[in-house]
Amino acid sequence: MVREHADEAERERHLPRPVAEAFAREGLYRVAAPAEFHGADADPMTQIGVIEAVSRADGSAGWNLMIGIETFGLIAPGFAHCPELIEDPMTIMASSTAAVGRADKEDGGWRVSGQWQFVSGIHNAELFGATVRRYDNDEPVEDGNLYAVVPKGGYEIVDTWHVAGMRGSGSHDVRLDDVFVPDRLFVNPIGGNVGSPQLRLPIGNRLAYNKAAVAIGIARAGIDAFVELATEKKPRFTTRTLRDRPFAQRAVAHAEARLIGARAALLELTERTWDTVVRGDSVQPRDQALFHIIASDAARAAVEVVETVTEAAGTTANRLGHPLERINRDVRVVRQHATVAPHLIEDAGRALLNLEPETFILRSRRPGTPPRP
């Protein structure tokens, strides 16, 4: 189904409704949500596998699912006082921490205004979680950033997702202009009395492994597409297929080695981190830094893998409609995300040398605190 709707997603610039409904029906959006909130509470390795599989079928669909998994996994525990909002398994939720809006106190609730970027999946959502800072008489309320939950119809989708890569993810802006949100529709991220070990994972690590999973899935699709092409294509001025060229043979071998190694390292670090929190121990800063090094390198590896097979594919990989052309655009977007960006490797190196990290991703060690943009 994901493959069948990939061209439509690319054309419409958001995930088609049938795919989103299938994700919801099969419980995929809630694979990381605690059991108390109708989720599977699956371990991180399972989450990576699910996201990787969908991303192999289509990168934009994998990104959309990944963001949905994070949204339910991080926000659902805060619904302890209003569980009915997400009781229906077909309820889809979108959110954004890419901006912090303003909520001003009013009798019974708050007036919320702001514009949030990169709200992947908003076209299929019944709920939007807007990161806000609350104010009472222009004085900030000292309860940190919260999510203001706004039902469909209470927010405006702003058509801003005019991009080359990940066109089908639907990561448009959302705007609220003086919208009243009742007190009960403010939720604290990872709030409530929930015993899932996932809530003890460092928030930065949790956001990173899923991004790397998308990149790995896309890169695997790149190798798949190249093998199919090399089997059939006869380059100009030759009677032999592309796969007979030593350059193509070397390219696919290098691509496999790089991707398998990056994936194995990510899973090893993820499992090690998971075992730590399951035991009830805290993840130490050095281990957190190593995790970001491996996750960021996995995203870099995915780009290198696709570049390697694209180079060996020749001009075919540049033709609109060939899988490698879209894969080449999509995989680069993952590496641009703040949680797996190249500069994180450098900042994690600071931590390994006992220097204080400079990026918010590596400083966000306390679970339950969404990183500020």
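Residues numbered from 1 in each chain as written. Predicted model: local features only at pLDDT ≥ 70, side-chain atom pairs only at ≥ 80, totals over all residues. Heavy atoms only, no water.

### Remarks on the pattern of salt bridges
With the rule as written, the count across this model stands at 28 salt bridges. Two residues, Asp104 and Arg102, come together in a salt bridge whose shortest N-O distance is 3.0 Å. With a relative accessible area of 31%, Arg102 lands in the partly exposed category. Residue Glu304 is joined to Arg258 by a salt bridge in which the shortest nitrogen-to-oxygen separation is 2.8 Å. Here the residue Glu304 occupies a position in helix H7 (residues 285–313), and Arg258 occupies one in helix H6 (residues 246–278), the gap between them amounting to 46 residues. Using a relative accessible area of 24% as the deciding quantity, one classes Arg258 as partly exposed. Overlapping salt bridges bring together Asp7, Glu10, Arg167, Glu325, Arg326 and Arg329 as one network. (Salt bridge = Lys/Arg side-chain N within 4 Å of Asp/Glu carboxyl O. Buried < 20%, exposed > 50% of the residue type's maximum accessible area, 1.4 Å probe, protein only. Helix = DSSP H or I, 4+ residues; strand = E, 2+ residues; numbered from the N terminus.)

### Quick word on empty space enclosed by the protein
As enumerated under the stated definition, the model contains 2 cavities of 30 Å³ or more in all. One number sums up the size of the largest cavity: a volume of about 60 Å³. Lining the largest cavity are Tyr29, Asn64, Ile67, Gly68, Thr71, Ile92, Met93, Ala94, Ser120 and Gly121. Elements that contribute at least two residues to the lining of the largest cavity include exactly helix H4 (59–75) and strand S1 (93–106). (1 Å grid on protein atoms, 1.4 Å probe; cavity = no way out; pocket = protein on both sides within 12 Å on 5 of 7 lines; lining within 4 Å. Points joined across faces, edges and corners; volume = space filled by probe spheres on them.)

### Observations regarding the confidence of the model for the chain
Regions with low pLDDT should not have their predicted coordinates read in detail. On average, residues of the chain score 93 in pLDDT, and 96% of them are at 70 or above. This stretch, residues 366–373, has a pLDDT under 50; its non-local contacts, to residues over four places away or in other chains, come to 22 contacts. (pLDDT = per-residue confidence, 0-100. Contact = heavy atoms within 4.5 Å.)

### Quick word on the pairing of strand S5 (residues 146–151)
Buried residues dominate S5, accounting for 5 of its 6 residues. Where strand S3 (residues 127–136) and S5 come together, 6 bridges link them in antiparallel fashion. Across the sheet, the residue bridging to Ala130 is Ala148, located in S5. Relative to strand S8 (residues 186–187), S5 is paired through 2 bridges, and the arrangement is antiparallel. Counterpart to Ala148 in the pairing with S8 is Phe186. (Pairing = 2+ DSSP bridges.)

### Re the pairing of S3
When you tally the buried positions in S3, you get 8 out of 10 residues, the bulk of the element. Sheet topology places S1 next to S3; 8 bridges connect them, and they run parallel. Its bridge partner lying in S3, Met93 is registered against Leu127. Looking at chain direction, S3 and strand S4 (residues 139–140) are connected through 2 bridges and run antiparallel. Paired with Tyr135 across the strands is Pro140, a residue of S4. In this antiparallel pair of consecutive strands, S3 and S4, the connection spans 2 residues, and Asn137 shows a positive phi of 55°.

### A look at the layout of surface pockets
Of the voids in this model, the second largest pocket is the one considered here, and its volume is about 520 Å³. Surrounding the second largest pocket, 23 residues form its lining, Arg56, Ala57, Pro323, Arg326 and Ile327 being those nearest its centre. Of all elements in the fold, only helix H1 (6–12), helix H3 (44–57), helix H5 (203–232) and helix H8 (323–335) reach the threshold of two or more residues within the lining of the second largest pocket. Considering every element that reaches the lining of the second largest pocket, the biggest residue donor is H8, with 6 residues.

### Here we look at the packing of aromatic side chains
Within this structure, the stated rule accounts for 6 aromatic pairs. Measuring from centroid to centroid gives 5.7 Å for Phe23 and Tyr29, while their planes differ by 85°, and the two rings are edge-to-face. Take Phe23 and Tyr29: they sit in the same class, and that class is buried. When the centroid spacing of 5.8 Å and the interplanar angle of 70° are considered together, the rings of Trp116 and Phe128 count as edge-to-face. Of this pair, Trp116 sits in strand S2 (residues 109–119) while Phe128 sits in strand S3, placing them 12 residues apart in sequence. One exposure class covers both Trp116 and Phe128, and it is buried. Just above the ring of Tyr135 sits the side chain of Arg102; from NZ or CZ to the centre is 4.0 Å. Lying across the ring of Phe186, Arg134 places its NZ or CZ 5.1 Å from the centre. (Phe/Tyr/Trp six-rings, centres within 6.5 Å; stacked < 30°, edge-to-face > 60°. Lys NZ or Arg CZ within 6 Å of the ring centre and 35° of its normal.)

### Considering the packing of H4 against H5
Packing of H4 against H5 leaves a shortest axis separation of 9 Å and a crossing angle of 160°. With respect to H5, the element H4 is oriented roughly antiparallel. Pair H4 / H5 crosses with right-handed handedness. Residues Gly59, Gly62, Trp63, Met66, Ile67, Ile69, Glu70, Gly73 and Leu74 of H4 pack against Ile203, Arg206, Leu207, Asn210, Lys211, Val214 and Ile218 of H5. Residue classes in the contact of H4 with H5 are distributed as 9 nonpolar, 4 polar and 3 charged. (Axes fitted to C-alpha atoms, helices over the stretch in contact; angles between N-to-C directions. Parallel < 35°, antiparallel > 145°, perpendicular 65-115°, else oblique. Left-handed = near helix turned anticlockwise from the far one by under 90°. Nonpolar A, V, L, I, M, F, W, Y, C, P; charged D, E, K, R; others polar.)

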